[in-house]
Amino acid sequence: MVFKALMSALLSLVISIPVLAADNNGEAWAALREGRAVLMMRHALAPGMGDPARFELGDCSTQRNLNDEGRAQARSWKPFLAEHGIDEARVYSSQWCRCMDTATEMNVGDVTDWPPLNSFFQNRSEGPRQTREIIEGVNKMGEGAPIILVSHQVNTTALTGVYPASNEGVIIALPLLDAPEILARVSPGP
């Protein structure tokens, strides 16, 4: 009897953990829905690091791309965002195939390629200029559906100081600043 009561209490606690975790980010999600924040995320899983020496921007066969797990990760954003009241978004992406594919697989809105979101991993000197362009560009975007930026680790870290995992996002308060306010780190799961 005691064992059964203990197991029931433990099960209740385990079931409530995801709900409690989601509640901790409630204000961040509200800010994103209401246009007071933006979601910047790293592309989904694309095994490896950097890009091959023969990299060409317009040729996906020369790039590091999403694998099947990465595509599934990207698709997991649609129901995850819907759980938080976001069914449609303005989606901007790096021109790299792994980012464009992540943004497309998310299926939450038309995808616009935006060069400031392109990786500067191979040319770090471009980082400050691209980060400034992201800040200025996002701050000029008018009202409308929530904004999602699909980019790379180096770009996200340069703007936020956060080192995101593949398929992890950062909800950032608007207006964007040189040292922006991070409202939450979010991901639809592993």
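Residues numbered from 1 in each chain as written. Predicted model: local features only at pLDDT ≥ 70, side-chain atom pairs only at ≥ 80, totals over all residues. Heavy atoms only, no water.

K.L.:
Help me out: how do you make sense of the packing of helix H3 (residues 68–75) against helix H5 (residues 97–106) in this one?
P.N.:
Angle between the axes and distance between the axes are the two parameters that describe a pair of packed helices. Put simply, H3 and H5 touch, their axes get as near as 7 Å, and they point 45 degrees apart. Looking at the two axes, H3 sits oblique to H5. Our pair here, H3 against H5, has a crossing hand that is right-handed. Residues Arg71, Ala74 and Arg75 of H3 touch H5, and the partners they reach there are Asp101, Thr102, Glu105 and Met106. Residues that form the contact of H3 with H5 fall into these classes: two nonpolar, one polar and four charged. (Axes fitted to C-alpha atoms, helices over the stretch in contact; angles between N-to-C directions. Helix = DSSP H or I, 4+ residues; strand = E, 2+ residues; numbered from the N terminus. Parallel < 35°, antiparallel > 145°, perpendicular 65-115°, else oblique. Left-handed = near helix turned anticlockwise from the far one by under 90°. Contact = heavy atoms within 4.5 Å. Nonpolar A, V, L, I, M, F, W, Y, C, P; charged D, E, K, R; others polar.)

K.L.:
Hey, could you run me through the nonpolar core in this one?
P.N.:
Here is a general trend for soluble globular proteins: nonpolar side chains tend to be buried in one another's company. Counting residues in each nonpolar core, the largest one holds 22 residues, and the members touching the most others are Leu81, Ile148 and Ile171. Of all elements in the fold, only helix H2 (26–33), strand S1 (37–42), helix H4 (77–83), H5, strand S4 (147–151) and strand S6 (182–186) reach the threshold of two or more residues within this core. For this core, the element with the most residues is H2, which contributes four residues. Counting residues in hydrophobic clusters, the runner-up holds 16 residues, among them Val38, Tyr92, Trp114 and Val170. (Core = buried A, V, L, I, M, F, W, Y, C linked by side-chain atoms within 4.5 Å. Buried < 20%, exposed > 50% of the residue type's maximum accessible area, 1.4 Å probe, protein only.)

K.L.:
It is not clear to me how the confidence of the model for the protein chain should be interpreted in this structure. Could you clarify?
P.N.:
In low-pLDDT segments, the atomic positions of the prediction should not be examined closely. When pLDDT is averaged along the protein chain, the result is 88; 87% of the residues meet or exceed 70. Note that pLDDT drops below 50 for residues 2–23; the model gives that stretch one contact with residues more than four away or on any other chain. (pLDDT = per-residue confidence, 0-100.)

K.L.:
Whenever I open this one, the pattern of salt bridges confuses me. Can you help?
P.N.:
Two side chains that carry opposite charge are able to pair once their charged atoms sit near each other. Counted according to the given criterion, the structure contains 10 salt bridges. Put simply, Glu34 and Arg36 hold a salt bridge, and the shortest N to O gap is 2.8 Å. Relative accessible area serves as the criterion here: at 54%, Glu34 is assigned to the exposed category. Overall, Arg36 belongs to the partly exposed group, its relative accessible area being 36%. Between Asp51 and Arg98 there is a salt bridge whose closest N-O contact spans 2.8 Å. With a gap of 47 residues between them, Asp51 in the loop between S1 and H3 and Arg98 in helix H5 connect regions that are remote in the sequence. Since its relative accessible area comes to 2%, Arg98 is described here as buried. Overlapping salt bridges, with partners in common, bring together Arg71, Arg75, Asp101 and Glu105 in one network. (Salt bridge = Lys/Arg side-chain N within 4 Å of Asp/Glu carboxyl O.)

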